Amino acid sequence: MASKKTSSPAGKGAAKGAVKKFFQWTWGKIFKRSLLFVLLIALGGFLFNIDRLGNTGVNLLKFKEYLPGFIVRFLPGGTAQEGAAVPDEIISGEVIEVYDGDTLTLLSRINGQEKKYKVRFYGIDAPEAAQAHGTASRDALRGKILGRQVQVTVVSVDRYGRSVGKVMSGVRYINLEMVAEGNAWYYPDYAANEYELAKAEKEARSGRLGLWQESSPQAPWFYRKENRK
């Protein structure tokens, strides 16, 4: 009489192990794909609603050089056209970028159209980024106006196409504040007879405010001349 074949415990264990691994692999793939899908939905919801999240988009612009292009397009001004102002024009909008203590980008929204303007502060000159007090000057300006509405009275347009103007935040004259607090110099070569700015610098010097805490800070126009290639 023929003997009946029986499966060995080792064979049964191997089969169970294979089934277990198969289900683990299958559910692992399903979980990963589901997680990716959820993350993509969350990212899409975040990007399409970024303008409703306070200054989130504006703050992300500080790191835009590290972000993928498709994300930058969703940030404030990402698809806005470059505006071209003319002397005596008044432009209003939200400050979306502050580069240093005397330069910003303003995003103007009129009738559903967005335009962005590079604005250079009239009558003042802030330390360059590599200079002493350069970072402090930039951060001081960010604290005053980044993410806020301002009004710029354009005085001229410089050779780089920037609108050179007087920046107001409500009733505050920001150009004057930057000089009065020792975060910028009065720039007489390009703004003669601005006695208010000259007086503010003199008082900041006397009070040893901001950059004037150093005994002999180098004016940025001399710094640029020395470092011009």
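Residues numbered from 1 in each chain as written. Predicted model: local features only at pLDDT ≥ 70, side-chain atom pairs only at ≥ 80, totals over all residues. Heavy atoms only, no water.

**Observations regarding the packing of aromatic side chains**
- For the structure on display, the rule yields five aromatic pairs.
- Aromatic pair Trp185 and Trp221: ring centres 6.4 Å apart, planes at 70 degrees, arrangement edge-to-face. You can see Trp185 sitting in strand 9 (residues 185-186) and its partner Trp221 sitting in helix 7 (residues 220-227), a full 36 residues away along the chain.
- Of the residues examined, Trp221 reaches a relative accessible area of 22% and is grouped as partly exposed. (Phe/Tyr/Trp six-rings, centres within 6.5 Å; stacked < 30°, edge-to-face > 60°. Helix = DSSP H or I, 4+ residues; strand = E, 2+ residues; numbered from the N terminus. Buried < 20%, exposed > 50% of the residue type's maximum accessible area, 1.4 Å probe, protein only.)

**Brief notes about the environment of Val119**
- With respect to the helices and strands, the residue Val119 is situated in strand 4 (residues 113-121).
- Residues Val119 and Val157 lie 38 residues apart in sequence; the distance between their C-alpha atoms is 9.1 Å.
- Val119 has contacts with Ile91, Asp102, Thr103, Leu104, Leu106, Val152, Ser163 and Val167, leaving out every residue within four places of it along the chain. (Contact = heavy atoms within 4.5 Å.)

**A word on the environment of Asp158**
- Turning to its location among the elements, Asp158 is positioned in the loop between strand 6 (149-157) and strand 7 (163-169).
- Along the chain, Asp158 and Arg120 lie 38 residues apart, while their C-alpha atoms are 8.5 Å from each other.
- When residues no more than four places from it in sequence are discounted, the contact partners of Asp158 are Arg120 and Val164.
- There is a polar contact of 2.6 Å between the side chain of Asp158 and the side chain of Arg162. (Polar contact = N/O pair within 3.5 Å; in protein donor to acceptor, adjacent residues only side chain to side chain.)

**Examining the pairing of strand 7**
- The element strand 7 is extensively covered by neighbouring structure, given that five of its seven residues are classed as buried.
- Bridge count for strand 4 against strand 7 is three bridges, and the pairing is parallel. Each residue of the ladder has a partner; that of Val119, found in strand 7, is Ser163.
- As consecutive antiparallel partners, strand 6 and strand 7 are separated by five residues, and within that stretch Gly161 has a phi angle of approximately 85 degrees, a positive value.
- Bridge analysis of strand 7 against strand 8 (residues 172-173) gives two bridges, and the strand direction is antiparallel. In the strand pairing of strand 8, Ser169 is matched with Arg172.
- The loop that links strand 7 with its antiparallel partner strand 8 comprises two residues; one of these, Gly170, has a positive phi angle of about 65 degrees. (Pairing = 2+ DSSP bridges.)

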